[in-house]
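Topology and contacts: notes
Listed here are the chains, written in short residue letters.
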Amino acid sequence: MAETGEEEKVSAEALGFSDLSDSEFLDLEDAQGLDASLSKPGPSCELSGNNGKPRSLQKWKRGLDVSSPMERFHFKYLCVTDLSTQNWCEQQMVYGKEFPGFLTPEKAALLDTGASIHLARELEVHDLVTIPVTTKEDAWAIKFLNILSMIPMLQSEGHIREFPVFGEVEGVLLVGVIDELHYTAKGELELAELKTRRHPMLPVEAQKKKDYFQVNLYKYIFDAMVQGKVTPASLIHHTKLCPEKPLGPSVLRHAQQGGFCVKSLGDLMELVFLALTLSDLPVIDILKIEYIHQDTATVLGTEIVAFEEKEMKGKVQHYMAYWMGHREPQGVDVEEAWKCCTCNYVDICEWRKGGWVPTSTLEPKTKKKK
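For the structure given in this document, a descriptive report is provided here.

Conventions adopted
Residues numbered from 1 in each chain as written. Predicted model: local features only at pLDDT ≥ 70, side-chain atom pairs only at ≥ 80, totals over all residues. Heavy atoms only, no water. Phe/Tyr/Trp six-rings, centres within 6.5 Å; stacked < 30°, edge-to-face > 60°. Helix = DSSP H or I, 4+ residues; strand = E, 2+ residues; numbered from the N terminus. Buried < 20%, exposed > 50% of the residue type's maximum accessible area, 1.4 Å probe, protein only. Lys NZ or Arg CZ within 6 Å of the ring centre and 35° of its normal. Pairing = 2+ DSSP bridges. Contact = heavy atoms within 4.5 Å. Expected span 1.5 Å × (residues − 1). Salt bridge = Lys/Arg side-chain N within 4 Å of Asp/Glu carboxyl O. Arc of directions from axis to C-beta. Core = buried A, V, L, I, M, F, W, Y, C linked by side-chain atoms within 4.5 Å.

Turning to the packing of aromatic side chains, a few remarks are in order. Tallying each qualifying case throughout the model produces 15 aromatic pairs. Ring centres of Phe-163 and Phe-222 lie 5.7 Å apart, and the angle between their planes is 70°; this geometry places the pair in the edge-to-face category. Taken together, the residues span a long stretch of sequence, with Phe-163 in strand β6 (residues 160–169) and Phe-222 in helix α6 (residues 205–226) at a distance of 59 residues. Each member of the pair, Phe-163 together with Phe-222, is buried. Here the guanidinium or amino end of Arg-72 rests over the ring plane of Phe-73, the centre of that ring lying 4.8 Å away. Here the basic side chain of Lys-143 rests over the ring of Trp-140, its NZ or CZ set 5.7 Å away from the ring centre.

Written out as structure tokens, the structure reads:
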């Protein structure tokens, strides 16, 4: 399996959870780079107005707003983890985008440990080959080559890890990486998601719900891919990839070693979409989440998750309404204020300051004339 090398500019995002795991942390791309002007203020700072007096972060943000957060952050697509983070706390996710790179040493260490555990598991089933890339077309070509190498393994009822998925959901392209796919003794295709835990205990229900939503979304996208519902035209439209652009020499060499005679990204895309639709791969039958302790690698428990398509779609529609600029970001309900105890942005949170309702709704009411 190939991975992108050091020549690719990667924007690493850190999401504030104690149950770290997601393999997407290992595979973020330069195409998702943030506007540098948004990353200057730190999470604990105050912003000065024209008169030198501090003004609220919310007012500063509104001054930067364009038609939607997708445009403001210059995003062409979203990661599955972006939406699962919204499931935990949407306001926290937004601050994470506005202030990238703000991460405590403790949480950075947790991310490193979780990434190492994922890497060790991946190396159990295949070797990694580093391929230097310099363009977004090369980076996507690596994803496609990995898919092409894993489809035959899955067809032969093998065991694969780190399977890239992508597809349009509610008008937005979502990308992600499935931890593991394998067949059970009964021949059912099972998705297994690994979650590492800092403490040797299972997560609370709120954290589990976030994880359930994540694997539901993975299944929805994977199933669409193997059913031919994802099209090259949609992918090109969202990513602005140039299919005619020649691939870099390192990528071409790796493709040739794998037996693929291609010259451009478009050639690879054609092979990938043909392979997905003609391979007769089944949809995912079982969703499983495995929780392990980071320090000891002890399995803390497993969860078999039901696929709740209607509920998942309802949540996706709600989350996408923020990204499309149809509503303001929302924080947690007051009943879940305990989540704020471990949040990096608690001191600047406009949601808390606004009394657990959107700040934009806190305008004084006009007195009625008698």
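Turning our eyes to something else, we now look at the pairing of strand β7 (residues 172–183). With 12 of 12 residues buried, β7 is to be regarded as a mostly interior element. Relative to β7, strand β4 (residues 78–79) runs parallel, the two being bridged by 2 bridges. Note on β7: the bridge partner recorded for Cys-79 is Val-175. Relative to β7, β6 runs antiparallel, the two sharing 9 bridges. Along β7, the bridge assignment pairs Ile-160 with Leu-181. Adjacent in sequence and paired antiparallel, β6 and β7 are bridged by 2 residues, among which Glu-170 carries a positive phi angle near 55°. Across 4 bridges, the pairing between β7 and strand β8 (residues 189–197) is antiparallel. Within β8, the position partnered with Leu-181 by the bridge is Leu-191.

To continue, consider the side chain of Ser-84. Tracing the backbone shows Ser-84 in helix α3 (residues 80–98). Look at Ser-84 and you get buried, because its relative accessible area is 2%. When neighbours within four sequence positions are excluded, Ser-84 is seen to be in contact with Lys-210, Phe-213 and Gln-214.

Another aspect to go through is α6. If you check α6, its first and last C-alpha atoms are 32 Å apart, about what 22 residues at 1.5 Å a residue would give, namely 32 Å. Where burial is concerned, most of α6 is hidden: 18 out of the 22 residues are buried. Of the residues flanking the end of α6, it is Gly-228, one or two places downstream, whose phi is positive at about 75°.

Time to look at the pattern of salt bridges. Going through the model one piece at a time under the given rule, you end up with 15 salt bridges. The partner of Arg-161 in a salt bridge is Glu-180, with the nearest N and O atoms 3.1 Å apart. Separated by 19 residues along the polypeptide, Arg-161 in strand β6 and Glu-180 in strand β7 bring together distant segments of the chain. Considered together, Arg-161 and Glu-180 belong to a single accessibility category, that of buried residues. The closest approach of N and O atoms between Asp-211 and Lys-195, which form a salt bridge, is 3.7 Å. Here the residue Asp-211 occupies a position in helix α6, and Lys-195 occupies one in strand β8, the gap between them amounting to 16 residues. Like Lys-195, Asp-211 is buried. A cluster of three or more residues bridged by salt bridges with shared partners is formed by Glu-193, Lys-195, Lys-210 and Asp-211.

Every buried residue of helix α7 (residues 232–239) is listed here: Ser-234, Leu-235, His-238 and Thr-239. Along the axis of α7, the buried positions cluster into a sector of 110°, meaning they face one direction only. Residues of α7 that are exposed and point over 90 degrees away from its buried face: Ala-233 and His-237. Of the surrounding elements, those touching the buried residues of α7 are α5 (136–155), β6, β7 and α9 (265–278).

With respect to burial, strand β9 (residues 286–293) is a largely interior element, 7 of its 8 residues being buried. As paired elements, β8 and β9 share 8 bridges and run parallel to each other. Looking at the pairing, Glu-190 lines up with Ile-286 of β9. The turn linking β9 back onto strand β10 (residues 299–305) is made up of 5 residues, and Ala-297 within it adopts a positive phi angle of 65°.

The next point concerns the nonpolar core. Across soluble globular proteins, you tend to see nonpolar side chains buried next to one another. Residues Leu-83, Phe-144, Phe-163, Phe-166, Leu-181, Phe-222 and Trp-323 are the most contacted members of the largest nonpolar core, which totals 70 residues. Broken down by element, the residue count for this core peaks at 10 residues, all from α5. When near neighbours in sequence (up to four residues on either side) are disregarded, Phe-166 contacts Trp-140, Phe-144, Ile-147, Leu-174, Val-175, Ile-221, Met-225, Val-230, Leu-235 and Phe-273. By size, the runner-up hydrophobic cluster in this structure holds 7 residues, among which are Tyr-95, Phe-99, Cys-349 and Trp-351.

With that settled, consider the environment of Cys-79. Examined against the element boundaries, Cys-79 turns out to sit in strand β4. Between the alpha carbons of Cys-79 and Val-177 there is a distance of 9.1 Å; along the sequence they are 98 residues apart.

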